[in-house]
Protein chains: 2
Amino acid sequence: MLRKKPRIVIVGAGFAGLRAIRQLARVHAEIILIDRNNYHTFVPLLYQVATGFVPPEVVTYPLRKYLRSSNASFIQAEVQKIDFAARTVETQFNNLAYDYLVLATGSQTQFLGVDGAAEYALPMRTLDDAVRIHDRLISNFERATVCQDWERKAQLLTITIIGGGATGVELAGSIRELVEVTLAKDYPAIDPQQVRVILIHSGTRPLQDYPEHLGNYTVKQLRRRGVKVHLQSRVSEVLPGAIKLDDGTLLETATIIWTAGVEANYPQPEGKLDTASKSKIRVEPTLQLSNHPEVYAVGDTALVEHNGQPLLGIAPEALQQGTTVAQNLKRQLRGLSPKPFNYFNKGKAAIIARNSGVAYLFGRIPLQGFFAWLLWLGIHLYYLPGIANRSITLLSWIRDYITRERSLRQLFKHRQVHPQESLTEYAAKELS
Amino acid sequence: MLRKKPRIVIVGAGFAGLRAIRQLARVHAEIILIDRNNYHTFVPLLYQVATGFVPPEVVTYPLRKYLRSSNASFIQAEVQKIDFAARTVETQFNNLAYDYLVLATGSQTQFLGVDGAAEYALPMRTLDDAVRIHDRLISNFERATVCQDWERKAQLLTITIIGGGATGVELAGSIRELVEVTLAKDYPAIDPQQVRVILIHSGTRPLQDYPEHLGNYTVKQLRRRGVKVHLQSRVSEVLPGAIKLDDGTLLETATIIWTAGVEANYPQPEGKLDTASKSKIRVEPTLQLSNHPEVYAVGDTALVEHNGQPLLGIAPEALQQGTTVAQNLKRQLRGLSPKPFNYFNKGKAAIIARNSGVAYLFGRIPLQGFFAWLLWLGIHLYYLPGIANRSITLLSWIRDYITRERSLRQLFKHRQVHPQESLTEYAAKELS
């Protein structure tokens, strides 16, 4: 088959994939983006969806709108097979030949072999996960108000977060605030002191990839705000409505959130693939696959090192890799050889709660407290795609800051998470 | 059982129920609101959710927040039985005794006995319905882009609205605009001329409760904007992906929206109930049930007449009835006899499309065109509960008016409406 233009297929519309497309805007090539969703998800703000700061659509951006200003077309599909030898990707709709392929498919939750975790814990990786957590938090409060059994009520009002990375810390702090103010006002029959928010972390401090004193600051802040932080504690089993710790403790808790691990997530290709831990694909310094210079892997999909250490899987890394892939593709199209990826470490930041965050800038400068919190907000507002999204988010933040409230606690039936049945089933159980 | 305060149970948090609660704020009584949802739905804006103007949460308001400034408590539950003799309502959680009961449970879609309508047509009455319609519209465009079969593609791009009341007219005009601008830009592979939006109405003109010339204006406006209006046409059967008209025509259409009928919706009570057409409960002029002066029925639940004609089921009627119920309850509590409801007809309005609406004010003054459109927007913005909802809606309207776009077309997986499977199933069907 003769095609005029070379065809670049990009799988995944995350930070890396979309950045690559933007940088390829003027290239003489046919570009096809494939994603299972018709929107981009701004992952760093998902915890705010889970805790009622912003509604789901605000942390997303419609891909077809994004692509209007590019030369790329879009297929909403699931890639089911990749054939590196034949240079094709197969979706449920068609078999697509490519000249160049960019795998930017991201990561998925990894339950680290803990029994019952996949069944009974709520992962926190996608928008759907965030919505599910939001609805679980609110509906357990609804259930607690009609619950006569004291033990069951305590279980409904115990929220456990497993994993003390940035997501775990942000969720713990934000859920505690949600409980203290909004839910306390909404549910006069529930004493906020009855509600327990527990963060369980296997290491000696949360945020282990930050300098030690920032981790310690984080623990202090979380505890001051009422989060129970369990360090050097591992979950050995997750049960329906309870977890078992490695010291044998059984903890009754109706909401169990799992933030303890991720692994690369991509369709299994035909033939062998050189992978490292967490299923990450090993790539050349140029981000190409060693045996397939026409295939790139980026972001959470790939093992990329910086100063001998694997990168963490945060947005700036993916964005910069997207730029490098685009530049390297342009070089290949012009017959030049690709250049190695070079990560410029601007830093990272995490929010703990109102007025409190940590940041570690340029891999050198630690920051904690109010300014780290403000920096986090500023950076994420700047990077959030869409003027409307940014305006609504900013207004929500200002309002929530002034009123100390969260605006969102509607339990929508159109969400799979909380069908009418579940409440009735619950009632049947409760009354039996 | 001895209770200090009389207990008023209000079932349904629509316009009538919430207005009654607000008016009862200072009454010496225990007030309990029961609703199956934990939010109020602002029904008149649902068509804007269905057509991508505003997101779902903007047309809702959390009930527990609403109730903070009242003396009412809330139970999120489904009333399953009412016993007028025993004066109890039964939910899945408990059996609740009342001294006074207000039935404000609203209406549900009625399919008028048309075969297949309940199975294959999309109703348009609740927020979930609106979300389902939105997702169906967008996902059929996604499907059409990967569809190779010309006939199937035409079916995917044919949208039929059955029923020419205000909801049908508003949906038809708004969907046509959505197709013409946003979707035309998003889907360069689809010719907007291929897309058909069809409004089917059994009468000689839409909006039959408006003066004749406003109905004729509506037809002219819809047709000018590209909606195919079929008058004096009835649907005899709804099939999967097609409808049959009474003249035998078979119309292939992947989106079938049903707005042709509603009926009162309330839990069946023990014993007999005096009902009229559309299952409406007959009430005294005071809105009380004739045999049960301690029970009120209001809004779409009740048959209420004004100048010898039954009221239509629009928001102002429900709001005014809510006020009357509250006043009558206060009178009963003080040992006085309730007063008859007296409807003050401020009027009604419907939107056709950009810059074009109709209104009929005070039952006397007809209005059409730009000013009717602006009046509709102003009134609904004023009545929409919540400052944030109002701000976001106003900003969305201004942006959409300027850009001629709709902001929302994300297909969220957390919605039951569009699970991943459906796309795959569709593919399987398409490829077979």
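Chains are numbered independently. Their residues run from 1 in the order of the written sequence. Written order decides the labels, with chains lettered from A and ligands numbered from 1. Confidence filtering applies because this is a predicted model: local features only for residues at pLDDT of at least 70, side-chain atom pairs given and counted only at 80 or more, and all residues used for totals across whole chains, interfaces and linings.

Details of the overall build of chain A
Part 1 of the reasoning: Strands are runs of DSSP state E lasting at least two residues, helices are runs of H or I lasting at least four, and both sets are numbered from the N terminus onward. Scanning chain A for helices and strands turns up 12 helices and 28 strands.
Part 2 of the reasoning: The reference for a compact globule is 2.2 Å times residues^0.38; the radius of gyration itself is calculated from the C-alpha atoms. Rg of the C-alpha trace for chain A: 23 Å, near the compact-globule value of 22 Å for 432 residues, within the 12% margin.
Part 3 of the reasoning: Seen through its principal axes, chain A has C-alpha atoms that stretch 70 × 50 × 45 Å.
Part 4 of the reasoning: Here, residue contact means that the backbone-derived C-beta atoms of the two residues sit within 7 Å. For chain A, long-range pairs separated by at least 24 residues make up 65% of all intrachain contacts whose partners lie at least 6 apart in sequence.

Focus on the domain arrangement of chain A
All names here are of chain A.
Part 1 of the reasoning: For chain A, the domain assignment lists domain 1 (7-36 + 77-109 + 262-333) and domain 2 (117-260 + 348-431).
Part 2 of the reasoning: Placing the centre of domain 1 and that of domain 2 at their C-alpha centroids yields a distance of 32 Å.
Part 3 of the reasoning: Between domain 1 and domain 2, the contact holds 5 residues from the first and 5 residues from the second.
Part 4 of the reasoning: Residues of the side of domain 1 that touches domain 2, tallied by class, amount to 3 nonpolar, 2 polar and no charged. Domain start and stop points were drawn from an automatic or database domain assignment. Polarity classes work like this: nonpolar for Ala, Val, Leu, Ile, Met, Phe, Trp, Tyr, Cys and Pro, charged for Asp, Glu, Lys and Arg, and polar for all others, with Gly in that last group.

Digging into the relation of the copies chain B and chain A
Relating one copy of the chain to the other requires a rotation about an axis plus a shift along that axis.
Part 1 of the reasoning: For the match of chain B to chain A, the screw axis carries a shift of 0.0 Å, the RMSD comes to 0.0 Å, and the turn is 180 degrees. Such a combination of rotation and displacement between the chain copies is what one expects of a two-fold axis.
Part 2 of the reasoning: A high fraction, 100%, of the interface residues of chain B reappear at the interface in chain A, so the copies pair face to face through one surface. The copies were overlaid by least squares, fitting only the C-alpha atoms of residues that reach a pLDDT of 70 or more in each copy.

Concerning the sheet that holds strand β17 (residues 250-252) of chain A
All names here are of chain A.
Part 1 of the reasoning: Strands pair, by our definition, only if DSSP identifies at least two bridges between them. Within the open sheet, the 3 strands sit side by side as β15-β16-β17. Their pairing is antiparallel. At either end of the open sheet lies a strand with only one pairing partner, and these are β15 (235-239) and β17. Pairs of neighbouring strands in the sheet enclose a mean axial angle of 20 degrees, with direction left out of account.
Part 2 of the reasoning: Note that strand β16 (residues 242-245) and β17 share 3 bridges and pair antiparallel. By the bridge assignment for β17, K244 is matched with L250. Axes here mean lines fitted to C-alpha atoms, for a helix over just the part in contact, with angles spanning 0 to 180 degrees between N-to-C directions.

Brief notes about the interface of chain B and chain A
Part 1 of the reasoning: Counting residues at the interface gives 43 residues for chain B, matched by 43 residues for chain A.
Part 2 of the reasoning: For the side of chain B that touches chain A, the class distribution of residues is 18 nonpolar, 11 polar and 14 charged.

Observations regarding the pairing of strand β28 (residues 365-369) of chain B
Side-chain positions along a regular strand alternate between the two faces of the sheet.
Residues and elements named next belong to chain B.
Part 1 of the reasoning: Where strand β27 (residues 356-361) lies against β28, 5 bridges are found, and the strand directions are antiparallel. Of the residues in β28, the one forming a bridge with A359 is L367.
Part 2 of the reasoning: The loop that links β27 with its antiparallel partner β28 comprises 3 residues; one of these, F362, has a positive phi angle of about 55 degrees.

Digging into the environment of G14 of chain B
Residues and elements named next belong to chain B.
Part 1 of the reasoning: By the element assignment, G14 lies in the loop between β1 (7-11) and α1 (15-23).
Part 2 of the reasoning: Spatially, the C-alpha atoms of G14 and T323 are 13 Å apart, while their sequence positions differ by 309 residues.
Part 3 of the reasoning: If sequence neighbours within four positions are ignored, G14 has contacts with A104, G106, G299 and A318.

Side note on the sheet that holds β27 of chain B
Residues and elements named next belong to chain B.
Part 1 of the reasoning: The sheet built from 3 strands is open, its strands ordered β26-β27-β28 with antiparallel pairing. Looking at strand neighbours, the two that pair on one side only are β26 (347-353) and β28, the edges of this open sheet. Shown here is a sheet whose adjacent strand axes are inclined to one another by a mean of 5 degrees, direction ignored.
Part 2 of the reasoning: Relative to β27, β26 runs antiparallel, the two being bridged by 6 bridges. In the sheet register, A349 faces β27, and the bridge partner there is A359.
Part 3 of the reasoning: Along the sheet face, helix α10 (residues 370-383) touches β26, β27 and β28 and points at about 75 degrees away from the line of β27.

What about the packing of helix α1 (residues 15-23) of chain A against helix α9 (residues 315-333) of chain A?
Residue and element names in this part refer to chain A.
Part 1 of the reasoning: With their axes 7 Å apart at the nearest point, α1 and α9 run at an angle of 35 degrees to one another. The chirality of how α1 crosses α9 is right-handed. Between α1 and α9, the contacting residues are F15, A16, G17, R19, A20 and Q23 on the first element and A315, A318, L319, Q321, G322, T323, V325 and A326 on the second. Left-handed describes a crossing whose near helix is turned anticlockwise from the far helix by less than a right angle; the clockwise case is right-handed.

A few points about helix α8 (residues 212-224) of chain A
Residue and element names in this part refer to chain A.
Part 1 of the reasoning: Working rule for helices: expected span equals 1.5 Å times residues minus one. The end-to-end C-alpha separation of α8 is 19 Å, in line with the 18 Å expected for 13 residues at 1.5 Å each.
Part 2 of the reasoning: Along α8, the positions that sit buried rather than exposed are L214, G215, Y217, T218, V219, Q221 and L222.
Part 3 of the reasoning: Among the structural elements, α7 (166-186), β13 (196-200), β14 (227-230), β26 (347-353), β27 (356-361) and β28 (365-369) are those in contact with the buried residues of α8.
Part 4 of the reasoning: A positive backbone phi angle near 100 degrees is found at G226, which sits one or two residues after α8. Here a residue counts as buried when 20 or more other C-beta atoms sit within 10 Å of its C-beta, as exposed when there are 12 or fewer, and as partly exposed otherwise, the C-beta atoms being derived from the backbone.

So, the pairing of β13 of chain A
Residues and elements named next belong to chain A.
Part 1 of the reasoning: Alignment of strand β12 (residues 158-162) against β13, held across 5 bridges, turns out to be parallel. Bridge assignment links I161 to a residue of β13, and that residue is L199.
Part 2 of the reasoning: A right-handed crossover is one whose linking path, passing over the helix from the first strand to the second, runs clockwise when the strands point away from the viewer. In terms of handedness, the path from β12 via α7 over to β13 forms a crossover that is right-handed.
Part 3 of the reasoning: By the bridge criterion, 4 bridges tie β13 to β14 in an arrangement that is parallel. Directly across from I198, in β14, lies its bridge partner K228.
Part 4 of the reasoning: Handedness of the β13-α8-β14 crossover: right-handed.

Some points on the environment of E252 of chain B
Residues and elements named next belong to chain B.
Part 1 of the reasoning: On the secondary structure map, E252 appears in strand β17 (residues 250-252).
Part 2 of the reasoning: Distance in space between the C-alpha atoms of E252 and Y217 is 28 Å, their sequence separation being 35 residues.
Part 3 of the reasoning: Dropping the residues within four chain positions of it, E252 is found in contact with A154, Q155, T158, G241 and A242.

Re the confidence of the model for chain A
Part 1 of the reasoning: The predicted model of chain A has a mean per-residue pLDDT of 93, with 95% of residues at 70 or higher.
Part 2 of the reasoning: Predicted complex, confidence summary: ipTM 0.91, pTM 0.93. By definition, pLDDT measures how confident the predictor is in each residue, and it falls between 0 and 100.

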